[in-house]
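Structure assessment
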Amino acid sequence: MAWRELGRKRIYMNTFRTLNTSSFRRVVGSSYGSTYTTQFVYASARCMPDLISHSSIGVDGLFSGTKEGGIRCFHASPAVWARRGDEPFGLKTPKKEKYIRREGRNQPPVEARYVPRNVKAPKSNSDKTVEIFEGMTLDELAKRTGKSVSSLQDILTNVGEKLESEFEPLSMDIVELAAMEVGVNVKRLHSAEGTEIVPRPPVVTVMGHVDHGKTSLLDALRQTSVAAREAGGITQHLGAFVVVMPSGASITFLDTPGHAAFSAMRARGAAVTDIVVLVVAADDGVMPQTLEAMSHAKAAKVPIIVAINKCDKPGANPEKVKLQLASEGLLLEEMGGDVQVIEVSALQKSGLDNLEEALLLQAEMMDLKARIDGPAQAYVVEARLDKGRGPLITTIVKAGTLTCGQHVVVGSEWGRIRAIKDMAGRLTERATPAMPVEIEGLRGLPMSGDDVIVVHSEERARMLSSGRTRKSEENRLRRKLNEDIPSTLESSEEVPQRVEMPVIVKADVQGTVQAVTDALRTLNSSQVLVNVVHVGVGPISQSDVDLAQACDACIVGFNIKSPPIALSQAATRASIKVILHRVIYHLLEDIGNLIIEKAPGTFETQVAGQAEVLNIFEVKGSKTKGPDVKIAGCRVVEGFVARTGTMRLLRSGEVVFEGLCASLKREKQDVDSVKKGNECGLVINDWYDFKIGDVIQCLEQVVRKPKFIKSESGAVRIEC
């Protein structure tokens, strides 16, 4: 039995050592676990008389709840410390205390500084643009859009596309449909690979300042006279045509306007071209639109060939032009660069052979090739509305072959190609790369600069067009919302109200509509806001007159036919102003004058006249006549003095007093004003201390209207 007692003591010793372990502290810390664990230790300690006898406390002292006993044994929870030795173990229901109303509950809360959380707002899908390509898989699209494969599969099922695997290649149209459904923007990446790749003619864009001879140079190259038929002698459209050079080579030329209002047209021309011919007049030098054309070419990463025109004029100085171009960062061949410079004369037709040689040499160095098989890719140069044929678009084919009968999607519009005409007006069945053609058969008028995409079926064309329309409308509303938020914030401040001038713009082609709209918006000022409420291509219609009458707008027609007599009379009866022009700077000048008329102007105080005090007269007052009055006898030395004006008294060049005129007489007669060189008697309210030699200025309030300012480059603005 001795070995059994010894073993039992060892077990109790090990149990007692666990009192100081962290695991036991955690168990005791809970009110439920402390009950049973304390009972176990209490029973174990009573079976260990020898061990407890050597301790400074007894069994009852261990669980007495006293501070001395508790600290020496173990760390317990507040529930264990509160227990008493004779109280039963277990959970206790807390006693209900008497409710005491807190004081100061109605006091305002203490203001504390707001510390914003550093949480980044998630980027919306509308701002995200993904690149798509032919043969893209669903898995790759899911990675780029951040969406799950299952959600994209549901979208493709809704559009009627069934997939066996997410790694199955998709057409670019299906990929764009799925991307638009999840709310992201897409950028198409077209492949230049094909089974049949052949050399193609270069696309050359002629750019430069207004009236530097761009169209005249092209007329000399193709033996025509387009410049003579242009309104005002300046180009106002983006023209495309093919020129067969004397060597037999074909070159596609784009003629861009040079006026400041057609900046977007020049940017479109640089985006579709292979080579830019920068025309600079030898007698005029580098001008603002010359620098803008250089920046467009550099942004499009297109090589530049400089053609210095009008070298036959007496004041021509080609060397000065070269130095100006070099100072603007253009590296010419004569100065160790790679930019060719050709001196030509469009009027004398000299230097054209050198220009042709430079163009063909540059094209040969670029090794221009394109595929002619597969669906075509084209770029919209211009779009217009014909009364008998409907929407017509001028395009340049970039790759593939465009044929009649194909279903195409152009921007947000779609249609089936009904006819293809070359720039000479001849019908053709197909259009090859670098060939400018006119397409007929679209359901609506697209925007200039849109891409022409060939699709397989009418259903696919409808779906793609509707998706793009919905996406463009969402982007338009989002931009409108972003523009309204700053205006709302500004409206809370004290900002002078602007007069709104609604305008309806009608033009002959889509490109000029955009150019006129952008030019009108540049005329906005702090006093007048030009609000373009509607734009359209074609002549003025009855619906335009009705809309103008509803919103009190004026109608601006550019390069279109005059409306019928009945329509003009209806506009006159409704007091609608119709402005028709064929030259852009005449149009902007008329609109600028109309803005000046509508502007409220600003009130300013100016000196209307000045009089010198020659003598002082005093009139004694009485009970019936009133107090004494001092009259200043003056001679008007500048301008005029009016009785309704404010009088400013100057003495030794300093302002002494300002007040209203109480009386103004000339030869004992009350007058409204006295002009320069005449003498008068003047009385100022509340001022009697006149001295000979004082100067009296007559101040008047005038309304200063804005000014219409036109620069040498053709740019216009309203200065308030």
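Summarised in this report is the structure supplied together with it. Just so it is clear, the structure is predicted and the values come from calculations on it, not from any experiment.

**Focus: the packing of aromatic side chains**
A complete count under the given rule lists 1 aromatic pair for this structure. Between F657 and W687, the aromatic rings sit 5.1 Å apart at their centres with planes inclined by 15 degrees, giving stacked as the arrangement. One end of the pair, F657, is in strand β27 (residues 654-666); the other, W687, is in the loop between β30 (679-684) and β31 (695-704), with 30 residues separating them in the sequence.

**Quick word on the pattern of salt bridges**
Applying the stated criterion across every chain yields a total of 26 salt bridges. One salt bridge in this structure joins R200 and D274, with 2.7 Å as the shortest N-O distance. Remark: D274 occurs in the loop between α12 (263-272) and β7 (275-281) and R200 occurs in the loop between β3 (197-199) and β4 (203-208); sequence separation between them is 74 residues. One network of salt bridges, in which partners are shared, links R384, D386, R389, R418, E438 and E440.

**Notes on the sheet that holds strand β23 (residues 578-581)**
If you trace the 4 strands from one edge of the open sheet to the other, you get β21-β20-β22-β23, paired in parallel fashion. The open sheet has two free edges, formed respectively by β21 (528-537) and β23, since each of these has just one partner strand. Strand-to-strand twist of the sheet, defined as the mean angle between neighbouring strand axes without regard to direction, takes the value 20 degrees. By the bridge criterion, 4 bridges tie strand β22 (residues 554-558) to β23 in an arrangement that is parallel. Bridging across to β23, V556 finds its partner in I579. Helix α17 (residues 510-521) contacts β20 (499-507), β21 and β22 of the sheet and is inclined by roughly 175 degrees relative to β21. With respect to the sheet, helix α20 (residues 584-598) is in contact with β20, β21, β22 and β23, its orientation differing from that of β23 by roughly 155 degrees.

**Notes on the packing of α17 against α20**
Where α17 contacts α20, the two axes come as close as 11 Å, and the packing angle between them is 35 degrees. The hand of the α17/α20 crossing is right-handed. Residues V516, A519 and L520 of α17 lie in contact with α20, whose contacting residues are I584, L587, L588 and I591. Taken together, the residues of the contact of α17 with α20 break down into 7 nonpolar, no polar and no charged.

**Side note on the pairing of strand β9 (residues 340-343)**
Relative to β9, strand β8 (residues 304-309) is paired through 4 bridges, and the arrangement is parallel. Residue pairing for β9: I305 is matched across the bridge by Q340.

**Focus: the state of the cysteines**
Applying the stated criterion to the full structure yields 0 disulfides. As a non-bridged cysteine, C551 has C554 as the owner of its nearest cysteine sulfur, 9.4 Å distant. With a relative accessible area of 26%, C551 lands in the partly exposed category. No disulfide involves C680; its sulfur sits 5.3 Å from the nearest other cysteine sulfur, which is in C634.

About the cut-offs
- Residues numbered from 1 in each chain as written.
- Predicted model: local features only at pLDDT ≥ 70, side-chain atom pairs only at ≥ 80, totals over all residues.
- Heavy atoms only, no water.
- Phe/Tyr/Trp six-rings, centres within 6.5 Å; stacked < 30°, edge-to-face > 60°.
- Helix = DSSP H or I, 4+ residues; strand = E, 2+ residues; numbered from the N terminus.
- Salt bridge = Lys/Arg side-chain N within 4 Å of Asp/Glu carboxyl O.
- Pairing = 2+ DSSP bridges.
- Axes fitted to C-alpha atoms, helices over the stretch in contact; angles between N-to-C directions.
- Contact = heavy atoms within 4.5 Å.
- Left-handed = near helix turned anticlockwise from the far one by under 90°.
- Nonpolar A, V, L, I, M, F, W, Y, C, P; charged D, E, K, R; others polar.
- Disulfide = S-S within 2.5 Å.
- Buried < 20%, exposed > 50% of the residue type's maximum accessible area, 1.4 Å probe, protein only.

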